[in-house]
Amino acid sequence: MANIIKTLKGTKDILPQDVNMWQFVEQKAQKIFSSYGFKEIRTPIIEITELFSRGVGDTTDIVNKEMYTFEKSDRSITLRPENTAGVVRSYIENGMSRLSAPVKLWYKGPMFRYERPQAGRQRQFHQVGVEMFGLKQPTADAEVILMAVNFLKSLGLNDLDVEINSLGCPNCRSEFKEKLKKAIKPYLKDLCEDCQNRFEKNPLRLLDCKVEDCQKIFAKPEIQDVLTSDFLCEECSEHYTELKLYLDRMGVKYTENKLLVRGLDYYTRTVFEIKSNNLGSQNAVCGGGRYDGLVSQLGGDETPAIGFAMGMERLISLIEKKEPKKLDCYIVSNFPADTFILAEELRSFGFNVEFDLANKKFAKQLEKASKVAKYAVILGEDEILKHEVSIKNLETGTQITVRREDLPKNIKQ
RNA sequence: GCGUCUGUCGUCAAGCGGUUAAGACCUCGGAUUGUGGUUCCGAUAUGCAUGGGUUCGAAUCCCAUCAGACGCCCCA
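Reading guide: rules and limits
Residues numbered from 1 in each chain as written. Chains lettered and ligands numbered in written order. Predicted model: local features only at pLDDT ≥ 70, side-chain atom pairs only at ≥ 80, totals over all residues. Heavy atoms only, no water. Helix = DSSP H or I, 4+ residues; strand = E, 2+ residues; numbered from the N terminus. Rg over C-alpha atoms; globule rule 2.2 N^0.38 Å. Buried < 20%, exposed > 50% of the residue type's maximum accessible area, 1.4 Å probe, protein only. Contact = heavy atoms within 4.5 Å. Areas by Shrake-Rupley, 256 points an atom, 1.4 Å probe, with all protein chains shown as cover. Near = heavy atom within 4 Å. Polar contact = N/O pair within 3.5 Å; in protein donor to acceptor, adjacent residues only side chain to side chain. Nonpolar A, V, L, I, M, F, W, Y, C, P; charged D, E, K, R; others polar. Phe/Tyr/Trp six-rings, centres within 6.5 Å; stacked < 30°, edge-to-face > 60°. Lys NZ or Arg CZ within 6 Å of the ring centre and 35° of its normal. Pairing = 2+ DSSP bridges. Axes fitted to C-alpha atoms, helices over the stretch in contact; angles between N-to-C directions. pLDDT = per-residue confidence, 0-100. Patch = residues over 30% accessible without salt bridge, like charges linked within 9 Å, V, L, I, M, F, W, Y side chains within 5 Å. Salt bridge = Lys/Arg side-chain N within 4 Å of Asp/Glu carboxyl O.

A.B. asks: Whenever I open this one, the overall build of chain A confuses me. Can you help?
C.D. replies: If you tally the helices and strands in chain A, you get 15 helices and 16 strands. By the compact-globule yardstick of 22 Å for 413 residues, chain A is too spread out, its C-alpha radius of gyration being 28 Å. With respect to the three principal axes, the spread of C-alpha positions in chain A is 95 × 55 × 45 Å. Taking all 413 residues of chain A together, 48% fall into the buried category. Within chain A, contacts between residues at least 6 apart in sequence are counted, and of these 68% link residues at least 24 apart. Carbon and sulfur atoms form 50% of the exposed surface of chain A, whose accessible area is close to 22,300 Å².

A.B. asks: In this structure, what is going on with the protein's contact with RNA strand B? I would like to understand it.
C.D. replies: Close contacts around RNA strand B come from 50 residues, with Arg113, Arg198, Arg205, Arg262 and Gly263 the closest. Take the atoms of RNA strand B that sit within 4 Å of the protein: sugar and phosphate atoms are 54% of them. Arg314 places a side-chain nitrogen or oxygen 3.0 Å from a base oxygen of RNA strand B. Glu381 places a polar main-chain atom, nitrogen or oxygen, 2.7 Å from a base oxygen of RNA strand B. Secondary structure elements with two or more residues in the surface near RNA strand B: β6 (124–133), α7 (193–201), β10 (284–290), β11 (305–311), α14 (362–372) and α15 (381–386). Ranked by residues supplied to the surface near RNA strand B, first place goes to α14 with six residues. Along the lines of polarity and charge, the residues of the surface near RNA strand B split into 11 nonpolar, 15 polar and 24 charged.

A.B. asks: It is not clear to me how the environment of Leu318 should be interpreted in this structure. Could you clarify?
C.D. replies: With respect to the helices and strands, the residue Leu318 is situated in helix α12 (residues 312–318). When its relative accessible area of 19% is taken as the criterion, Leu318 is described as buried. With 163 residues separating them along the chain, Leu318 and Leu155 place their C-alpha atoms 9.3 Å apart. The contacts of Leu318, once residues within four sequence positions are left out, are Leu157, Leu160, Ser276, Asn278, Leu279 and Val285.

A.B. asks: What is the right way to look at the packing of aromatic side chains in this model?
C.D. replies: Two aromatic rings, taken as a pair, are described by how far apart their centres are and by the angle between their planes. The full count for this structure, using the stated rule, is 11 aromatic pairs. A centroid spacing of 5.6 Å and a plane angle of 85° characterise the contact between Tyr68 and Tyr114, whose relative ring orientation is edge-to-face. Of the two residues, Tyr68 sits in strand β3 (residues 68–72) while Tyr114 sits in the loop between β5 (103–112) and β6, which places them 46 residues apart along the sequence. Assessed through its relative accessible area of 45%, Tyr114 is described here as partly exposed. Every member of this aromatic cluster is reached through a ring pair, and the members are Phe33, Trp106, Phe151, Phe272 and Phe308. Positioned above the aromatic ring of Tyr114, the side-chain terminus of Arg123 is 4.1 Å from the ring centre. Above the face of the Phe24 ring, Lys322 is positioned so that its terminal group lies 4.1 Å from the ring centre.

A.B. asks: Could you clarify how one ought to interpret the side chain of Gln282 in this entry?
C.D. replies: Residue position: Gln282 is located in the loop between β9 (268–275) and β10. Judged by relative accessible area, which is 17%, Gln282 ranks as buried. In this structure the side chain of Gln282 is engaged in a polar contact, spanning 3.2 Å, whose partner is the side chain of Ser281. The contacts of Gln282, once residues within four sequence positions are left out, are Gln118, Ala119, Gly120, Arg121 and Arg314.

A.B. asks: Teacher, can you tell me more about the environment of Ile45 here?
C.D. replies: Note that Ile45 resides in the loop between β1 (39–40) and β2 (46–48). Along the sequence, Ile45 and Arg80 sit 35 residues apart, while their C-alpha atoms lie 5.6 Å from each other. Ignoring anything within four residues of it in the chain, the contact list for Ile45 reads Thr78, Leu79, Arg80, Pro110 and Phe112.

A.B. asks: Before we go on, may I ask you to explain the sheet that holds β11 in this structure?
C.D. replies: Paired through their backbone hydrogen bonds, the strands of a sheet run either parallel or antiparallel. With mixed pairing, the eight strands of this open sheet are ordered in space as β1-β5-β6-β11-β10-β9-β7-β8. In this open sheet, the two strands that pair with only one neighbour each are β1 and β8 (255–256). Where strand β7 (residues 161–166) and β9 come together, six bridges link them in antiparallel fashion. Bridging from a neighbouring strand, Val162 pairs with Ile274 of β9. Contacts from helix α4 (residues 84–93) reach β5 and β6, with the element oriented near 40° to β6.

A.B. asks: Which parts of the structure should I look at to understand the confidence of the model for chain A?
C.D. replies: Low pLDDT marks stretches whose predicted atomic positions should not be read closely. The predicted model of chain A has a mean per-residue pLDDT of 91, with 99% of residues at 70 or higher. Of all helices and strands in chain A, the one with the weakest mean pLDDT is helix α8 (residues 212–218) (75), whereas β1 scores best (98). Listed scores for the predicted complex are pTM 0.90 and ipTM 0.86.

A.B. asks: When you look at the environment of Tyr330 in this model, what are you seeing that I'm missing?
C.D. replies: Residue position: Tyr330 is located in strand β12 (residues 327–332). Between the C-alpha atoms of Tyr330 and Asn352, which are 22 residues apart in sequence, the distance is 8.6 Å. If we ignore the near neighbours within four places in the chain, the residues touching Tyr330 are Glu354, Phe355, Asp356, Gln365, Lys368, Ala369, Val372, Ala373, Tyr375, Ala376 and Val377. Of the polar contacts made by the side chain of Tyr330, one reaches the backbone nitrogen of Asp356; its length is 3.3 Å.

A.B. asks: Any chance you could explain a nonpolar patch on the surface here in plain terms?
C.D. replies: On the surface, a cluster of nonpolar side chains totalling about 240 Å² of accessible area is made up of Ile45, Ile46 and Phe70. Topologically, Ile46 is positioned in strand β2.

A.B. asks: I keep staring at the side chain of Thr78 and nothing clicks. Help me out?
C.D. replies: Tracing the sequence through the fold places Thr78 in strand β4 (residues 75–79). A polar side-chain atom of Thr78 sits 2.7 Å from a polar atom in the side chain of Thr49.

As structure tokens, then:
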């Protein structure tokens with residue numbers, strides 16, 4: 001056992017006994033997102049590195065220190081750390097701006113980030129997400145948030161907190177950033193190391209620092225005044241107000257969190273996050289927002305867009321474990337040639353069927369059947385001669401013998 | 001990249017310087033060559049993450065490495 005090969009750090013096998021949970025989430029995603037007119041898209045897992053440095057943002061941790069990047073044929077290639085950039089690339093490359101707006105897309109698949117694993121965080125992890133292109137109206141924001149909430153409800157997750165905020169547009173946001181920096185600057189040297197970094201890189205992130213001394217400084221009135229000031233320009237403010245109106249009318253419960261700042265550079269105006277109290281410190285199951293500047297930044301026409309991503313591992317850890325399904329039938333017989341034929345017949349009716357390929361004893365076969373199947377179909381010498389089969393319901397123990405052609409209608413799927 | 005804790009069979013574990021390395025589950029075989037899920041027997045770690053060290057003696061103590069869990073940063 002010493003030299004067996006193991007999965008890489010931060011990666012996991014999804015074993016057969018857990019696959020049904022994944023399928024459950026994927027099927028719900030397919031069903032709910034389709035019901036809003038979203039179409040699935042599958043983009044490559046590897047992309048040119050530039051896509052992410054330009055799309056996700058040079059200053060983000062994701063691009064700076066978390067990407068799996070390698071050189072191949074003089075090109076720098078990267079395993080996707082998220083999928084918005086890839087979907088935007090595809091939208092532009094395939095001329096989807098010529099389709100009638102909105103263009104609604106959803107995806108699922110693995111993402112890769114070189115990080116230290118912890119609860120709810122893997123190096124290879126999986127997301128389901130959606131992107132909607134071409135609509136600047138807050139109705140789009142409302143539909144996307146509503147759909148996220150309904151998707152989570154369909155998984156049986158009802159007690160999650162939805163938080164929303166508006167970051168404003170590039171104009172009003174940069175004004176706000178300057179004001180904030182001006183207010184904090186006098187105290188800069190007293191802040192923790194992380195905060196000092198954030199001050200330059202992303203001043204909005206300063207707000208959620210957990211260090212007590214930093215919090216004390218941020219609590220000062222002159223900083224609080226800036227924080228609570230309404231910095232949104234008229235248009236952004238209207239957009240945000242209208243979104244809240246729709247959410248209220250739809251009965252979506254949310255809290256406004258002025259400190260909510262998504263970590264990726266591309267977000268504008270609406271940002272939102274959906275959190276659970278049962279996940280440990282990585283408590284967001286969903287994060288998303290509007291990114292009106294990204295399509296043009298990646299070389300497409302000016303196109304407003306909004307989307308979200310959810311972490312599948314986090315979702316699955318919150319939903320109740322489901323028992324894997326049993327086989328419909330296990331055929332018990334010591335006549336393999338006849339059993340092959342019977343098994344194929346049953347399979348053609350849509351049943352899941354297995355039988356013993358090792359010619360084990362009758363009792364052993366029945367024991368196996370009771371563990372893996374709902375029915376044991378017994379095909380012995382007597383049955384073969386009379387052109388019959390015996391069907392044993394393994395839960396109730398009752399057994400009947402029927403003519404062979406009547407077998408399918410005596411099995412409940 | 002930093003911090004804390006943890007690594008004994010496929011799984012869950014006892015052991016805490018001298019044991020033949022408990023036990024349970026799973027798996028396999030038998031009691032039981034056409035009737036299972038109950039029961040009863042039996043099999044399955046020359047091995048304690050890996051590599052060094054301390055010791056007469058190490059799964060037990062020390063160091064390093066690797067891996068896992070959780071937290072920080074950041075994010076889904």
